[in-house]
Amino acid sequence: MKGGISVTAKRRWSGLVIGVLLLVILSMLVPLAFLLGLHNGFHSPNPNGYVPVHPTSVSNGIRVREQYKINASESENNHINDIVEFLAPKFPKNVVKNLTNGANNETTGRNATHDNQHKKGMPVSPHVVLPRLPNMSNTGIAGTVKVTEYIKGGTDENENCELKFGSYCLWRKEHREDMKDSMVKKLKDQLFVARAYYPSIAKLPSQNKLTRDMKQNIQELERVLSESATDVDLPPGIAKKLQKMEATIARAKSFPVECNNVDKKLRQIFDMTEDEANFHMKQSAFLYQLAVQTMPKSFHCLSMRLTVECFKSPSVDMEHSQADKYSDPILHHYVIFSNNVLASSVVINSTVIHARESKNLVFHVLTDGQNYFAMKLWFFRNTFKEAAVRVLNIEQLNLKYRDKATLLHLSLPVEFRVAFHGVDNNPTTHDRTQYISIFSHAQYLLPEIFPSLKKVVVLDDDVVVQKDLSALWNLNMGGKVNGAVQLCSVRLGQLKNYLGDSFEKNSCAWMSGLNIIDLVRWRELDLTETYRRLVRQVSLGEGSTEATALHASLLTFQDQIYALDGAWALSGLGHDYGVDIQAIKKAAVLHYNGNMKPWLELGIPRYRLYWKKFLNQEDRFLSECNVNS
């Protein structure tokens, strides 16, 4: 008995020694395994199975090994967890809780399966099970998660999203906004679909009732949309009509129809929509041009109020003290052709403010009979230092020309919009647009309108003066008639479609807006008769009236242009958004050539302030007509 006990004890002691040796070997292999990147687990040395380890013999060793693995990988796991937490989307607490529960359930299930396989002696490759986000297709996971409490803009509560990193469904729910006039847009969509299905349903002989219902619903929605553009305009009960249309469309979709018919109808609707878009684009361009050429309502109100006020005080002598200045050739005479009271007032006010001596300035404003009395009263009520202002009705001028009936009407300076490629004709470059301003028919009557004057400065009513212009009167023009700023970005060769081959191709176009005119030299050359003759000649062709005016005007002053320095006038403020601010500050005259005049709402805002600061905004007529707004 004692010998058996001793033998058993020796065997137990031998087992403990073997266990300690195995523990020492494992303690040496574990660091090596971590260095080789095998810390996820050890493969079985036997491909056909594994050697079972009795927990009674090496339980302490297993605990030491697991503790060692936890301590060795703690810092690395913390770093990985920080990265995952940083990159992961922010879910609500209940979502995270459900995700954790689902992951734990899945991990528990896998561990149980793993243990069962161990018990059965099946080979298993040890691996670390990472928690996965639930998939809607997996039925073994603890259900799908509904995301509703943090959704914006009336999200459908029944809509489920697959919870995964970068889910567009979740992003769409979080950033959803209420659609403006959503009901009107939904009605249009339903009408579009119903029109597409109607031809196919109408061909089905057994669906007469459905055909009638679709036709009736289409007509009702067309009538509603013809009267309503926003949700506020929709009649009551529109929700029922929408539901009725949806039910009808659902019934139509349940029948097998030929896809070719639906495709054909959709293409027809697409073509109709494209034609409608082109129509609205052309209509928009027309309305834009109409808005540009139409006098604003507030300006029309101002003209009418001034006219009425003028007739209320007919005894006022508005030219009582300065009549002797109007024909004095020694003074500086400025001529303005305009039917715009405020525009001509800004031109005069800006010129007088920057002039060294205002007593030598005389302004002649030529207008038509409709605006004559409004102009008279305005310039009587508003004084401009010591400058004299004279208003003339061009329709009442007594001129010697026999065909004066064709010329005695107010015609403002003509602007031509020219679009063309650059000089290099590179097709990749965008078309450049320029507005060329030239004299009107009425401006060729200057020598006869002012027979006693020798020199005048002609200002368009869309300019603003920023510096003293008295130096213009001392220019030696070398026998030239018209001193003007040239627009060398437009060469006459680029206008050959309008001018033909009558010009040198490299010559620059000249601009009206600021022009110093030598009337003595004009009379010697009789340029007025030259212009009239050219108009008659060019009118015999098939060209338009605008092309005729451009051709005749440029031909009249051929070789008679004295080029002013570009610092005198800066053009483009009525169409070009890219004019340099520093160039604007240095220019003596700002020319708002183009469609976007500064007195229009269409005017370019950053340039309008240079015009508005010379407007007398304290006048009561401006307030009554709401001009300042």
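Residues numbered from 1 in each chain as written. Predicted model: local features only at pLDDT ≥ 70, side-chain atom pairs only at ≥ 80, totals over all residues. Heavy atoms only, no water.

A few words on the sheet that holds strand β12 (residues 589-591). Spatially, β7-β12-β11 is the arrangement adopted by the three strands of the open sheet, whose pairing is mixed. Two strands in the sheet have a free side with no partner beyond their single neighbour: β7 (463-465) and β11 (569-571). For this sheet, the mean inter-axis angle between neighbouring strands, taken without regard to orientation, is 15°. Relative to β12, β11 runs parallel, the two being bridged by three bridges. Its bridge partner lying in β12, Leu570 is registered against Leu590. (Pairing = 2+ DSSP bridges. Helix = DSSP H or I, 4+ residues; strand = E, 2+ residues; numbered from the N terminus. Axes fitted to C-alpha atoms, helices over the stretch in contact; angles between N-to-C directions.)

Take the packing of aromatic side chains next. Summed over all chains, the structure comprises 14 aromatic pairs. With a centroid separation of 5.5 Å and an interplanar angle of 75°, the aromatic rings of Trp510 and Phe557 are classed as edge-to-face. Of this pair, Trp510 sits in strand β9 (residues 508-518) while Phe557 sits in the loop between α16 (545-556) and β10 (561-564), and the two are 47 residues apart along the sequence. Of the two residues, Trp510 and Phe557, neither departs from the other in class, the shared state being buried. Their ring planes at 80° and their centres at 5.5 Å tell us that Trp522 and Phe557 sit as a pair that is edge-to-face. Of this pair, Trp522 sits in helix α14 (residues 519-525) while Phe557 is found in the loop between α16 and β10, placing the two residues 35 residues apart along the sequence. Clustering of aromatic rings is evident, with ring pairs tying together Phe439, Tyr444, Trp510, Trp522, Tyr531 and Phe557. Across from the ring centre of Phe621, 4.1 Å away, lies the NZ or CZ of Arg620, which sits over that ring. (Phe/Tyr/Trp six-rings, centres within 6.5 Å; stacked < 30°, edge-to-face > 60°. Buried < 20%, exposed > 50% of the residue type's maximum accessible area, 1.4 Å probe, protein only. Lys NZ or Arg CZ within 6 Å of the ring centre and 35° of its normal.)

Another aspect to go through is the sheet that holds β10. Strand order in the open sheet formed by seven strands is β3-β2-β1-β6-β9-β8-β10, with mixed pairing between adjacent strands. The open sheet is flanked by β3 (388-393) and β10, the only strands paired with a single partner. Going across the sheet, the axis of each strand differs from the next one's by a mean of 35°, ignoring polarity. Inspection of the sheet shows strand β8 (residues 482-491) paired to β10 by four bridges, in the parallel sense. Its bridge partner lying in β10, Val485 is registered against Leu564.

The full count for this structure, using the stated rule, is two disulfides. The disulfide partner of Cys301 is Cys625, and the gap between their sulfur atoms is 2.2 Å. Measuring the twist about the S-S bond at about -70°, one finds the Cys301-Cys625 disulfide to be left-handed. Residue Cys301 is located in helix α9 (residues 297-312), and its partner Cys625 is located in the segment after α19 (620-624); the two are separated by 324 residues in the primary sequence. By relative accessible area, Cys301 is classed as partly exposed at 22%. Taking the relative accessible area as the measure of exposure, Cys625 reaches 6% and is therefore buried. Across a sulfur-sulfur distance of 2.1 Å, Cys488 and Cys508 are joined as a disulfide pair. Linking Cys488 and Cys508, the disulfide has an S-S dihedral of approximately 100° and is accordingly described as right-handed. (Disulfide = S-S within 2.5 Å.)

The next thing to look at is the pairing of β8. Bridge analysis of β8 against β9 gives six bridges, and the strand direction is antiparallel. Bridging from a neighbouring strand, Leu487 pairs with Ala509 of β9.

Attention shifts here to the packing of helix α5 (residues 182-202) against helix α6 (residues 208-227). α6 packs onto α5 with a crossing angle of 150° between their chain directions and a minimal axis gap of 9 Å. Read as a crossing pair, α5 and α6 show a hand that is left-handed. Across the interface between the two elements, Val184, Leu187, Lys188, Gln190, Leu191, Ala194, Arg195, Tyr197, Tyr198, Ile201 and Ala202 from α5 touch Leu210, Thr211, Met214, Lys215, Ile218, Leu221, Glu222, Val224 and Leu225 from α6. Of the residues that constitute the contact of α5 with α6, the class distribution is 14 nonpolar, two polar and four charged. (Left-handed = near helix turned anticlockwise from the far one by under 90°. Contact = heavy atoms within 4.5 Å. Nonpolar A, V, L, I, M, F, W, Y, C, P; charged D, E, K, R; others polar.)

The topology assignment puts Asp518 in strand β9. Buried and unpaired, Asp518 has Lys455 as its nearest opposite-charge partner, separated by 5.8 Å. With sequence-adjacent residues up to four places away left out, Asp518 is seen in contact with Lys454, Lys480 and Val481. (Lys, Arg positive; Asp, Glu negative; His and termini not counted. Salt bridge = Lys/Arg side-chain N within 4 Å of Asp/Glu carboxyl O.)

Among the structural elements, Asn371 can be located in helix α11 (residues 369-381). At a separation of 3.3 Å, a polar atom in the side chain of Asn371 contacts the side chain of Ser303. Those residues within four positions of Asn371 in sequence are excluded, and the remaining contacts are Ser303 and Asn339. (Polar contact = N/O pair within 3.5 Å; in protein donor to acceptor, adjacent residues only side chain to side chain.)

Atom-level detail of predicted coordinates should not be read off regions where pLDDT is low. Put simply, the protein chain has an average pLDDT of 74, and 66% of its residues get 70 or more. Contacts from residues 1-5, a stretch scored under 50 in pLDDT, to residues over four places away or in other chains number zero contacts. Note on residues 86-100: pLDDT is under 50 here. Beyond four places in sequence and across chains, it has 16 contacts. (pLDDT = per-residue confidence, 0-100.)

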